[in-house]
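# Report on the structure
Listed here are the chains, written in short residue letters.
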Amino acid sequence: MNSDADPRVLVVDDDPALADVVARYLRREGFEVEYAADGATGLRIALDTLPDLVVLDLMMPGMDGFEVCRRLRRATDIPVVMLTALGEEDDRISGLDLGADDYVTKPFSPRELAARVRAVLRRAKGPAGPGEHLAGGGLAIDTFAHEVRRSGELLTLTTKEYDLLVCFLANPGRAFRREELLETVWGWRIGDTSTVTVHVRRLREKIEDDPSQPRHLTTVRGVGYKWES
């Protein structure tokens, strides 16, 4: 994220009235905002300019938000906050499964969206304690460089996947309830715990030899998850 300038946010939404409200509020909150009216344009701008964060509507004609998120994740780890319709749980889970970092359901207040954007950007900076190294299960984390290596090979993780992994490796053997992880990693006191389940599944696919039978990021029946080295 840019350290010497206002954070740059790209808003991708085919509703110009909503996008205008969102852009004006984010600018008032200190963000530099660019707008794209469709998915293809938004993807091109994101890959060309690499904003600090993308606010992405999922339901758009042509290239929808799912495809935009999928293509973004192939090329970059730019944080993504999705905009979804109220009650569309399947859409939220699908978006998270593609690598989105957070979501806001419509209708929403611009103030809530701005708060979510700030929270995701804070987490994208990585945890405090520069120079700290964590290791376990064949993984090595350099929190100063914000890098994770598995057997020496650099892994590509989303912001939330990275934050989850840091949380587990910093607390080996501790069983975390899904609600605890939701508050610790996402900053939500109330929320959908399936968000945690989706991210744990994606993380296992990147760090476990056999994600269907994980050795390190294990399930504690009736509780949640813990890290075993």
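As shown above, the structure is provided for reference.
For the structure given in this document, a descriptive report is provided here.

Tracing the chain through its elements places R202 in helix α8 (residues 194–207). Note on R202: relative accessible area 13%, which makes it buried. Those residues in contact with R202, other than ones at most four positions away along the chain, are L96, D97, L98, G99, T158 and E161.

With that out of the way, let us pick up helix α7 (residues 178–186). Three- or four-residue spacings in an α-helix give side chains the same orientation, since the helix completes a turn every 3.6 residues. All of the buried residues in α7 are E180, L181, L182, V185 and W186. Buried positions along α7 lie against α5 (110–124), α6 (159–169), β10 (176–177), α8 and β12 (224–227). With its phi angle positive at about 80°, G187 sits one or two positions after the end of α7.

Attention now moves to the pattern of salt bridges. Under the definition given, this model contains 18 salt bridges. Of the charged contacts, one joins K106 and D57 as a salt bridge, the two residues approaching to 3.1 Å between their closest N and O atoms. Note that K106 is positioned in strand β5 (residues 102–106) and D57 in strand β3 (residues 53–57), a separation of 49 residues in sequence. Taking relative accessible area as the criterion, K106 reaches 23% and is therefore assigned partly exposed. The class of D57 is buried, set by a relative accessible area of 4%. Two residues, R177 and E179, come together in a salt bridge whose shortest N-O distance is 3.6 Å. According to the relative accessible area criterion, E179 is partly exposed, its value standing at 44%. Counted as one network, the salt bridges with shared partners bring together R174, R177, E179 and E180.

Each value, and the rule that gives it
Residues numbered from 1 in each chain as written. Predicted model: local features only at pLDDT ≥ 70, side-chain atom pairs only at ≥ 80, totals over all residues. Heavy atoms only, no water. Helix = DSSP H or I, 4+ residues; strand = E, 2+ residues; numbered from the N terminus. Buried < 20%, exposed > 50% of the residue type's maximum accessible area, 1.4 Å probe, protein only. Contact = heavy atoms within 4.5 Å. Salt bridge = Lys/Arg side-chain N within 4 Å of Asp/Glu carboxyl O.

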